[in-house]
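Residue-level structure breakdown
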Amino acid sequence: MNEDLTWEVRYEAAGRESRQKALATACFYWKKDGQLMRSAEFTQSELEVECERLSETGTDLTQFVLALTQLALSTGQAEREQVALYGVDQRRA
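By convention here, each chain's residues receive numbers from 1 onward along its written sequence. The model is predicted, so local features are restricted to residues of pLDDT at least 70 and side-chain atom pairs to those at 80 or more, both for listing and for counting; the totals for chains, interfaces and linings are taken over all residues. Based on all heavy atoms of the structure, the side-chain values leave hydrogens and waters out of the count.

**Let's talk about the packing of aromatic side chains**
- When two rings of Phe, Tyr or Trp (its six-membered ring) have centres within 6.5 Å they constitute a pair, described as stacked for plane angles under 30 degrees, edge-to-face for angles over 60, and tilted for the intermediate range. The tally for this structure, following the rule as stated, stands at four aromatic pairs.
- Each ring, one from Trp30 and one from Phe64, has its centre 6.4 Å from the other, and the planes form 35°; the classification is tilted. In this pair, Trp30 is assigned in strand 2 (residues 23–32) and Phe64 in helix 2 (residues 62–74), connecting sequence segments 34 residues apart. Comparing Trp30 with Phe64 shows no difference in burial state: the two are buried.
- Through pairs of rings, three or more aromatic residues link up here, namely Phe28, Trp30, Phe42 and Phe64. To qualify as a helix, a DSSP run of H or I must reach at least 4 residues; to qualify as a strand, a run of E must reach at least 2; elements of each kind are numbered from the N terminus. Here the term buried applies to any residue with accessible area under 20% of the maximum for its type, exposed to any over 50%, and partly exposed to those in between, with areas from a 1.4 Å probe on protein chains only.

Okay, here's the thing in C-alpha cells:
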C-alpha cells in the first residue's frame, strides 16, 4: 500500500480583519492508495501540542516540524495571499 501525508499552510481572516491579521493554520491530509483517509487542521499552538504528543509515540515528526516552522515564519508577513507553502511526504507501507 502507498501512504501519503501532505500538508499546506492556509490563511483565513476572521470577519472583516485585514489579510495582515489572518490566522495561519496547517492543514494535513493522509491518503492511502490515492484516497483521502483523514485530514486535520492546526493553529501554531495546536500543532506544537500535537508534535509533543506524537513525539511520545515515536512518530516521524519531520513533516509536522516543517509545517510548524512555516507557521512560525508566517507570523508578521504582509503579503500572505501570495504565499503558497506545500509539503509532501510519500511512504510505502
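**Concerning the pairing of strand 3 (residues 35–42)**
- In this sheet, strand 3 lies alongside strand 2 in antiparallel orientation, the contact comprising seven bridges. Within the sheet, the bridge partner assigned to Ala26 lies in strand 3 and is Phe42.
- DSSP-based pairing: two strands are paired if at least 2 bridges between them are found. A loop of two residues connects strand 2 with strand 3, the two strands running antiparallel in sequence, and Asp33 in this loop sits at a positive phi of about 50°.

**Some points on the nonpolar core**
- Ranked by size, the top nonpolar core spans 19 residues in total, and within it Phe28, Leu47 and Phe64 carry the most contacts.
- Contributions of two or more residues to this core are made by strand 1 (2–12), strand 2, strand 3, helix 1 (44–57) and helix 2. Buried Ala, Val, Leu, Ile, Met, Phe, Trp, Tyr and Cys residues that are joined via side-chain atoms within 4.5 Å together make up what is termed a nonpolar core.

**What to know about unusual backbone geometry**
- Here Asp33, not a glycine, exhibits a phi torsion of approximately 50°, which is positive.
- Structurally, Asp33 can be placed in the loop between strand 2 and strand 3.

**Notes on the environment of Glu48**
- Turning to its location among the elements, Glu48 is positioned in helix 1.
- A relative accessible area of 37% means that Glu48 is categorised as partly exposed.
- Measuring from C-alpha to C-alpha, the distance between Glu48 and Phe64 comes to 8.9 Å, with 16 residues separating the pair along the chain.

**Notes on the side chain of Thr25**
- Here Thr25 is to be found in strand 2.
- When its relative accessible area of 5% is taken as the criterion, Thr25 is described as buried.
- A distance of 3.2 Å separates polar atoms of two side chains, one belonging to Thr25 and the other to Glu41.
- Thr25 has contacts with Glu8, Val9, Arg10, Glu41, Phe42, Thr43 and Leu71, leaving out every residue within four places of it along the chain. Polar contact is defined as a pair of N or O atoms within 3.5 Å, subject to the rule that within protein one atom must be able to donate a hydrogen and the other to accept it, and that residues adjacent in sequence are counted only when both atoms are side-chain atoms. By definition in these notes, contact holds between two residues if any of their heavy atoms fall within 4.5 Å.

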